[in-house]
Amino acid sequence: MAPRNLLDLDDVSAEELVALLDRAETFHRDPSPRRALAGVPVVNLFFEPSTRTQTSFAIAEHRLGAEVVTIDPGDSSMVKGESIADTAVTLAAMGVGAIVVRHKESGFPYVLARSFPGHVVNAGDGTHAHPTQALLDLMTLRQEFGGIKGLRVAVVGDVAHSRVARSNIHGLRALGAQTILVGPPTLLPDAMAQTAVQVERDLDCVLPTVDAVMLLRIQRERLDSALVPSVAAYAEQFQLNPRRLALLREGAVVMHPGPFNRGVELTDEVLEFPGCRYVNQVANGVFARMAVLEALCA
Ligand code: NCD
């Protein structure tokens, strides 16, 4: 039986991940419109700001022929006190087949999925998970290196507050890569080390040993500012800049989920670096999301 929801990658097997990535690659090679979701109303419910994720879900839904409905939560009955469960039942009664949801509370999509009989796709919940971002990151790595197995991937910065990092850890481990988390103890506790996941503090030592570097944004909206006393001190240790780019192996790539803060986790030169794959990531987002929606709903 096909899975009903995509809430995180920890409940997606390696085989299912590969199937999604293969399908996303098919859409990449032939991005012509499809009919897999023809007549299926899909609701996009974003309680947190989003440029990339919301737009690419909408494009993916249109490309599959879905009836795309975007609800601004500020205009929904939730502001009148309607519970998420009652909202879910209401949407289901109209024939909504899938809800794509982003929320600042970790676990929100799981609660929604309990009351909604259709499909729920997590587009980012608090600090917990962002499975479609991890899928598009895996897709980008696979295009670059031909496979994920055996890769060494550094994830740098505010790991503790990053749903992108958490979902990537699951996906990278499932497909046989080694993840090296790098950041200060306030943003990366030692306890995040686990099977196939290392915690390191010295970025300069890690850079020459990895195939890819995923930079993270400091999640100011989620953290106590005392955790990052000064941008200058953070940049001194963890900012990717021309000096640090020169430490990378030949062929290594740099990734970032966006939005980036120039002058904090990276300098302008990083975005002009030939190994920067930010644009590929964004492009792949549409295809990865098409693969997920098709697998769930078609
Ligand atoms: C990320 C998110 O919202 O979790 N952005 C994204 O989806 N492309 C990362 C971030 O906000 O830093």
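Refer to the structure printed above.
Heads up: these notes are all about the structure in this document. Keep in mind it's a predicted model, so treat the numbers as computed, not measured.

## Re the overall build of the protein
Tallying secondary structure elements over the protein gives eleven helices and nine strands in all. The C-alpha atoms of the protein give a radius of gyration of 19 Å, which matches the 19 Å a tight globule of 298 residues would have. Principal-axis analysis of the C-alpha atoms places the extent of the protein at approximately 55 × 45 × 35 Å. The proportion of buried residues among the 298 residues of the protein is 55%. For the protein, the share of sequence-separated contacts (at least 6 apart) that also reach a separation of at least 24 residues comes to 73%. In the form shown here, the protein has an accessible surface area of approximately 12,300 Å², with 55% of it arising from carbon and sulfur atoms. The distance from the centre of the 27 positive side-chain charges to the centre of the 34 negative ones in the protein is 2 Å.

## Comments concerning the environment of M192
Within the secondary structure, M192 is located in the loop between β6 (178-182) and β7 (197-200). Considered as a pair, M192 and R166 are 26 residues apart in the sequence and their alpha carbons are 9.7 Å apart. Residues in contact with M192, not counting those within four places in the same chain, are V159, A160, R166, L181, V197 and V199.

## Brief notes about the nonpolar core
Residues L141 and L181 are the most contacted members of the largest nonpolar core, which totals 56 residues. Residue assignment places this core across two domains, with domain 1 (9-130 + 282-297) and domain 2 (131-277) each supplying three or more. If we skip the residues at most four places from it in the chain, L141 touches G146, G147, I148, L151, V153, L172, A212, M214 and M255. L207, I218, L240 and L245 belong to the second largest nonpolar core, which has 24 residues in total.

## Quick look at helix α6 (residues 163-174)
Helix length check: α6 (twelve residues) gives 17 Å between terminal C-alpha atoms against 16 Å at 1.5 Å per residue, within 8%. R163, V164, A165, S167, N168, I169, G171 and L172 are the residues of α6 that are buried. A side-chain oxygen of the first residue of α6 lies 3.3 Å from the backbone nitrogen of V164; this N-cap is S162. In the segment just after α6, G176 is the residue with positive phi, at about 90°.

## Some words on the packing of aromatic side chains
Scanning the model with the defined rule gives three aromatic pairs in all. Ring geometry for F260 versus Y278: centroids 4.9 Å apart, planes at 70°, classification edge-to-face. Of the two residues, F260 sits in the loop between β9 (253-255) and α10 (268-272) while Y278 sits in helix α11 (residues 278-297), which places them 18 residues apart along the sequence. Given the relative accessible area of 15%, Y278 is considered buried.

## Quick notes on the site of the ligand
As a matter of local geometry, the ligand sits amid R52, T53, R102, H130, Q133, R163, V164, R217, Q219, P257, G258 and P259. Here R102 contributes a side-chain N or O atom positioned 3.1 Å from an oxygen atom of the ligand. Note that an oxygen atom of the ligand is positioned 2.7 Å from one of the side-chain N or O atoms of H130. Coverage of the ligand by the protein amounts to 94% of the 320 Å² it exposes when considered alone. In this structure the site holding the ligand corresponds to the largest pocket. Broken down by secondary-structure element, the contributors of at least two residues to the shell around the ligand are α2 (52-63) and α6. If you count residues domain by domain, the shell around the ligand takes at least three from each of domain 1 (9-130 + 282-297) and domain 2 (131-277).

## Looking at the pattern of salt bridges
Enumeration over the complete set of coordinates arrives at 14 salt bridges. The residue D30 makes a salt bridge to R34 at a minimum N-O spacing of 3.3 Å. The closest approach of N and O atoms between E144 and R277, which form a salt bridge, is 2.7 Å. Here the residue E144 occupies a position in helix α5 (residues 131-145), and R277 occupies one in the loop between α10 and α11, the gap between them amounting to 133 residues. Since its relative accessible area comes to 31%, E144 is described here as partly exposed. A network of salt bridges, in which partner residues are shared, links E48, R163, R217, E221 and R222.

## Quick notes on the pairing of strand β5 (residues 152-156)
Of all five residues in β5, four are buried; the element is thus mostly enclosed. Relative to β6, β5 runs parallel, the two sharing five bridges. Among the inter-strand pairings, A154 is bridged to a residue of β6, identified as I180. Following the chain from β5 across α6 to the adjacent parallel β6, one finds a crossover that is right-handed. Across four bridges, β5 lies against strand β8 (residues 212-215) in parallel orientation. By the bridge assignment for β8, A154 is matched with V213.

Rules behind the numbers
Residues numbered from 1 in each chain as written. Predicted model: local features only at pLDDT ≥ 70, side-chain atom pairs only at ≥ 80, totals over all residues. Heavy atoms only, no water. Helix = DSSP H or I, 4+ residues; strand = E, 2+ residues; numbered from the N terminus. Rg over C-alpha atoms; globule rule 2.2 N^0.38 Å. Buried < 20%, exposed > 50% of the residue type's maximum accessible area, 1.4 Å probe, protein only. Contact = heavy atoms within 4.5 Å. Areas by Shrake-Rupley, 256 points an atom, 1.4 Å probe, with all protein chains shown as cover. Lys, Arg positive; Asp, Glu negative; His and termini not counted. Charge placed at Lys NZ, Arg CZ, Asp CG, Glu CD. Core = buried A, V, L, I, M, F, W, Y, C linked by side-chain atoms within 4.5 Å. Domains from an automatic or database assignment. Expected span 1.5 Å × (residues − 1). Polar contact = N/O pair within 3.5 Å; in protein donor to acceptor, adjacent residues only side chain to side chain. Phe/Tyr/Trp six-rings, centres within 6.5 Å; stacked < 30°, edge-to-face > 60°. Near = heavy atom within 4 Å. 1 Å grid on protein atoms, 1.4 Å probe; cavity = no way out; pocket = protein on both sides within 12 Å on 5 of 7 lines; lining within 4 Å. Sits in = over half its atoms within 2 Å of the grid points. Salt bridge = Lys/Arg side-chain N within 4 Å of Asp/Glu carboxyl O. Pairing = 2+ DSSP bridges. Right-handed = clockwise from strand over helix to strand, strands pointing away.

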